[in-house]
Amino acid sequence: MGKLKAILVDDEEDSRQILSNYLKKYCPDVSLLEECKNIELGLKAIEKHRPDLVFLDIEMPYGTGFDLLEKVKEITFETVFVTAYDNYAIQALNMSAAYYLLKPLDIDELVSAVEKIKLEREKDSDSFHVQVLLDNIKQENERPKKIMLPTFEGFEIVPIDNIIYCEADDNFTKFHLTEGKPLLISKTLKHFEDMLPSSKFVRIHRSSLINTDYVVRYTKGKGGYVTMENNVELEVSPKKKPQFLEVFK
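Model, not experiment: these values are computed from the prediction.

**Description of the overall build of the protein**
At step 1: Within the protein, the secondary structure is distributed over eight helices and 17 strands.
At step 2: The burial tally for the protein puts 45% of its 249 residues in the buried class.
At step 3: When contacts within the protein are restricted to residue pairs at least 6 apart in sequence, those whose partners lie at least 24 apart make up 54%.
At step 4: Carbon together with sulfur atoms contributes 46% to the accessible area of the protein, which is approximately 13700 Å² in total.

**Comments concerning the environment of lysine 174**
At step 1: Topologically, lysine 174 is positioned in strand β11 (residues 172-177).
At step 2: In sequence terms lysine 174 and serine 186 are 12 residues apart; their C-alpha atoms lie 8.9 Å from each other.
At step 3: Sequence-distant contacts of lysine 174, defined by excluding residues within four places in its chain, comprise Tyr165, Cys166, Glu167, Asp169, Pro182, Leu183 and Leu184.

**Some words on the pairing of strand β2 (residues 30-36)**
At step 1: Where strand β1 (residues 4-9) and β2 come together, six bridges link them in parallel fashion. In the strand pairing of β2, isoleucine 7 is matched with glutamate 34.
At step 2: Each parallel crossover has a hand, and the one from β1 via helix α1 (residues 13-26) to β2 is right-handed.

**Some thoughts on unusual backbone geometry**
At step 1: A cis amide bond, omega -5°, links lysine 103 with the succeeding residue proline 104.
At step 2: Here proline 104 shows up in the loop between β7 (99-102) and α5 (107-122).
At step 3: The backbone of arginine 50 sits at a positive phi, close to 45°, despite the residue not being glycine.
At step 4: When you line up the elements, arginine 50 lands in the loop between α2 (39-49) and β3 (53-57).
At step 5: Take arginine 50: its relative accessible area is 55%, and that puts it in the exposed class.
At step 6: Even without a glycine there, the phi angle at aspartate 170 is positive, about 55°.
At step 7: One can find aspartate 170 in the loop between β10 (163-169) and β11.
At step 8: Aspartate 170 sits in the exposed class, given a relative accessible area of 72%.

Conventions used here
Residues numbered from 1 in each chain as written. Predicted model: local features only at pLDDT ≥ 70, side-chain atom pairs only at ≥ 80, totals over all residues. Heavy atoms only, no water. Helix = DSSP H or I, 4+ residues; strand = E, 2+ residues; numbered from the N terminus. Buried < 20%, exposed > 50% of the residue type's maximum accessible area, 1.4 Å probe, protein only. Contact = heavy atoms within 4.5 Å. Areas by Shrake-Rupley, 256 points an atom, 1.4 Å probe, with all protein chains shown as cover. Pairing = 2+ DSSP bridges. Right-handed = clockwise from strand over helix to strand, strands pointing away.

This is the structure in structure tokens:
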């Protein structure tokens, strides 16, 4: 595979210059074809060059990077989002397993993102995570609806409402769902505790993160136990008990 054809869309000239310089110096596998200062020019560049990779600022005048993606007829490229804001969009980006960089840019993170994307392109993987991202962003003030989970075979797109509970398994997490077999994901339970909405998911034990919608019974004890809708009984640690009970007040 040759170089990744890329374009850059960012309204700030200084940011474009910094990223352009970093790509030339640290990412020899990327060929930056065009730099664009707004959504309109970015859309034209995508149609013209049919890039492999788009570096896309999120917050821009007259719209966002997500607005640009909504206007693309067919997304055949990978996207690396670039933002100065650690805000609402970050949760949606994480949930969709999208690539993103926070300003000021970290060179190691940039190189890592490019390397991962190059591997994905070599495997001829589709950019499904972009559609998951757009679906989640559309929810605006609601919690995201889906999460993309990377598996050993590829990935699974799972509606959040289908997650009964998550179970720690060393540095892996096992997802127990309303349908199908459990999914083993190579990320820690803490990773998903931070990612999933706290209004719905509660850590009841060092090994369990539950969806409170599926709790059917709580049995008293030092910490107690919860019975989930799939008839699985899970221990509540004494330390986590107050946080768990607070949800049901």
